[in-house]
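The residues making up each chain are set out below.
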Amino acid sequence: MTTQPSSVMDHLFLNETADSRSSYRRALNAAHNVILDQFARLPGAFSGREANWIASRIEHLDICPEAGTDIEAVLEQAGKTVVRHSVAVHHPACAAHLHCPPLIPSLAAEALISSMNQSMDSWDQSPAATLLEQRMIRWLCGLFRYGGQADGVFTSGGTQSNFMALLLARDHFSMTRLDWNVQKNGLPPQADRLRILCSEAAHFTIRQAAALLGLGQEAVVSVKTDANHRMSLKDLDRQLADMEGRGLIPFALVGTAGTTDFGSIDPLPELAARAGHRGLWFHVDAAYGGALALSDRYSHRLAGMDHADSIAVDFHKLFYQPISCGAFLTKESAPFDRIKLNADYLNPEEEESQDTPNLVDKSIQTTRRFDALKLFISLRTLGRNGFSRMIENTLETAREAARLMTEDPRLEVINPSPELNAVVFRYLPRSAGEGVSDSEWQDQLNRRIRHSLLSEGKAVIAQTKVDGATCLKLTLLNPRTTPEDIQSILEEVKLAGFRLEKTKGECFEHVPLFGTAGHHAEFL
Ligand SMILES: *Cc1c(COP(=O)(O)O)cnc(C)c1O
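Residues numbered from 1 in each chain as written. Predicted model: local features only at pLDDT ≥ 70, side-chain atom pairs only at ≥ 80, totals over all residues. Heavy atoms only, no water.

Peer 1: Hey, could you go over the UniProt feature "modified residue: N6-(pyridoxal phosphate)lysine" (unreviewed entry) in the protein for me, with residue numbers and the actual values?
Peer 2: When the UniProt feature table is mapped onto this chain, "modified residue: N6-(pyridoxal phosphate)lysine" (unreviewed entry) is found at Lys-317. Here Lys-317 shows up in the loop between β6 (310-314) and β7 (326-330). When sequence neighbours within four positions are dropped, the list of residues in contact with Lys-317 reads Leu-98, Cys-100, Ala-287, Tyr-288 and Leu-477. (UniProt positions renumbered as here; feature names shortened; annotations may be inferred. Helix = DSSP H or I, 4+ residues; strand = E, 2+ residues; numbered from the N terminus. Contact = heavy atoms within 4.5 Å.)

Peer 1: Go over the packing of aromatic side chains with me, naming the residues and quoting the values.
Peer 2: According to the stated counting rule, one finds five aromatic pairs in the structure shown. Ring geometry for Phe-319 versus Phe-387: centroids 6.3 Å apart, planes at 50°, classification tilted. Here Phe-319, found in the loop between β6 and β7, pairs with Phe-387, found in helix α12 (residues 372-407); they are 68 residues apart in sequence, far enough to count as distant. Like Phe-387, Phe-319 is buried. An aromatic cluster of at least three residues, connected via ring pairs, comprises Phe-154, Phe-315, Phe-319 and Phe-387. (Phe/Tyr/Trp six-rings, centres within 6.5 Å; stacked < 30°, edge-to-face > 60°. Buried < 20%, exposed > 50% of the residue type's maximum accessible area, 1.4 Å probe, protein only.)

Peer 1: Describe in detail unusual backbone geometry, supporting the description with residues and values.
Peer 2: Of note, the bond from Ile-323 into Ser-324 is cis; its omega dihedral lies within 30 degrees of zero at 0°. In this fold, Ser-324 is placed in the loop between β6 and β7. The residue Asp-179 is not glycine, and still its phi comes out positive at about 55°. Looking at the secondary structure, you find Asp-179 in the loop between α7 (158-177) and α8 (182-185). The exposure class assigned to Asp-179 is exposed, which follows from its relative accessible area of 67%. Even without being a glycine, Asp-467 presents a positive backbone phi close to 45°. Its place among the elements puts Asp-467 in the loop between β10 (462-466) and β11 (469-475).

Peer 1: Explain the side chain of Asn-446 to me, using residue names and the numbers behind them.
Peer 2: If you trace the backbone, Asn-446 turns up in helix α13 (residues 438-455). Within polar-contact distance, the side chain of Asn-446 engages the backbone oxygen of Gln-442 at 2.9 Å. With sequence-adjacent residues up to four places away left out, Asn-446 is seen in contact with Arg-426, Tyr-427, Thr-470 and Leu-472. (Polar contact = N/O pair within 3.5 Å; in protein donor to acceptor, adjacent residues only side chain to side chain.)

Peer 1: Describe the domain arrangement of the protein, listing the residues and the values that go with them.
Peer 2: The assigned domain composition of the protein is domain 1 (16-103 + 383-524) and domain 2 (150-334). Across the boundary between the two partners, domain 1 contributes 31 residues, which contact 27 residues of domain 2. Carbon and sulfur atoms supply 58% of the area that domain 1 and domain 2 bury against each other, a total of about 2600 Å² over both sides. The largest per-residue losses of area from domain 1 upon contact with domain 2 belong to Leu-98, Glu-419 and Leu-420, which jointly make up 29% of the total buried on that side. Scanning the region where domain 1 abuts domain 2 turns up four salt bridges. Summed over the shared surface of domain 1 and domain 2, the result is 18 residue pairs in polar contact (both at pLDDT 80 or more). (Domains from an automatic or database assignment. Buried area = accessible area lost by both parts, 1.4 Å probe. Salt bridge = Lys/Arg side-chain N within 4 Å of Asp/Glu carboxyl O.)

Peer 1: Quick one: what's the story with the pairing of strand β5 (residues 281-286), residue by residue and with numbers?
Peer 2: Within β5, six of the six residues are buried, which leaves it mostly tucked inside the rest of the structure. Across five bridges, the pairing between strand β4 (residues 249-256) and β5 is parallel. Residue Thr-256 lies in a different strand from β5, and its bridge partner there is Asp-285. Read from β4 through helix α11 (residues 268-278) to β5, the crossover connection turns out right-handed. Sheet topology places β5 next to β6; four bridges connect them, and they run parallel. Bridge pairing in β6 links Ala-286 to Val-313. (Pairing = 2+ DSSP bridges. Right-handed = clockwise from strand over helix to strand, strands pointing away.)

Peer 1: Please set out the sheet that holds β11 residue by residue, giving values where relevant.
Peer 2: Ordered by their spatial adjacency, four strands build an open sheet running β8-β9-β11-β10, and the pairing between neighbours is antiparallel. Each of the sheet's edge strands pairs with one partner strand only, and the pair in question is β8 (411-413) and β10. Each strand axis lies, on average, 40° off the axis of its neighbour in the sheet, ignoring direction. Across the face of the sheet, helix α14 (residues 483-502) comes into contact with β8, β9 (422-427) and β11 while running at roughly 25° to β9. (Axes fitted to C-alpha atoms, helices over the stretch in contact; angles between N-to-C directions.)

Peer 1: Go over the sheet that holds strand β3 (residues 220-223) with me, naming the residues and quoting the values.
Peer 2: The strands making up a sheet are joined through hydrogen bonds of the backbone, oriented either antiparallel or parallel. Across the sheet, seven strands lie side by side as β1-β7-β6-β5-β4-β2-β3; this open sheet has mixed pairing. The open sheet has two free edges, formed respectively by β1 (151-155) and β3, since each of these has just one partner strand. Strand-to-strand twist across the sheet, computed as the mean angle between neighbouring axes with direction ignored, equals 20°. Where β1 and β7 come together, five bridges link them in antiparallel fashion. Bridge pairing in β7 links Asp-151 to Thr-330. On top of the sheet, α7 reaches β1, β2 (194-199), β4, β5, β6 and β7; it is set at about 155° to β4, its chief contact. Running over the sheet, α11 touches β4 and β5 and is turned about 155° from β5.

So, in structure tokens, the structure goes:
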């Protein structure tokens, strides 16, 4: 057996040698060039290429050639096949989802995070990183006005945070109210009567979590929303009374601070009072709206969140962090003990102390990224003021978008006073369709408008259903998006609608557009 002398490997890994340093610089420089020359300069929100066109390019890639290739060539090729047909998250017309352009300071932090490769599960894999994450958690608890008993952990996002909330809620409730240790014995005998309440506008991951937790999706009781898309207290009270009558056991109430479609915020103080009164675990899903806590003008909208037993907040949305980055916070640290499963190799008992914490105890992940660093670097760089201004800007842009839609006879806005920065609307046809009802015609047109804008690379906008009707949605996270940008997106929507009406809904991806070409020639 022969082994390579270490010097041959120097350039492949970070280390103190000159070979390593120059190889790192060259590789990252090449990556920067692809990002700056190709990604940052993408001419539209999307190339508009169909899936099978992109698939054929990807199919052609030689994934693992027998002999390697120079990094510059490899990156160059990734640029051509992948980068060019990615969505330009920074483009004003990329406005479909809760999908943000990442802050430049956070991108610099990502280089540190991946290069240092600390793992948050144990002290001996992330000493300073563990302490910084804990410090960030303390800061976040303060931001959400939690007291000294609060605790938390960074997560991969809202899905994981919501899952952890309901996991802790289920296990805590079972232990304290049903005298049952779920971790040890599995689900309690009453499991099929356990119920979680959330509004019909709550995120689907609440239902998903109920299913994963063995309670079944039917354990989630949907409470109606009011005219402002917030949980209706009247219906909540009715549902709670109804459950009591049927011998069901509600154990968790989930409020949403920023629903995915409308950005609506449930009446949190009233929910907190009801949860407190009935001994329910009160979880607030603030994945989207949690960022308002940084705003001078809007933080009051989160009033009542400090009464929550737990909070989910995402940083890869309105905190402008690269995916993935979120946190799960709890008002008290004790419930975390219910999910603790010690791995002897990660946290030997003699080492368990306040001074050398092993964060694996607080997470359902084991190996875990040091994502706290990028949020820290961003907060330090922009300051709270910087975040406050950015977030407030987007809320103002959304209000302006809603106003433009209200004034337009071809558009109907569903939430004329958006609470965050999501605006739901639909195109109103001039004409009736052929052989279809008016509502079906309207649904068809709106669906095709979205598809037509995407396939022309004009705009990436979302589609959703409101009371059964197909609607379009702009999620205006991008602080650089201006009212003029909104105006041009709306013009494109109306133009597409107009053309679709004229051809009675035929698809027109291949009809040449006036103005700029559908596909940008240099990217063909
Ligand atoms: C985005 C979102 C989630 C899911 O979070 P991920 O970060 O995508 O896992 C859950 N709830 C709400 C309200 C969200 O906006």
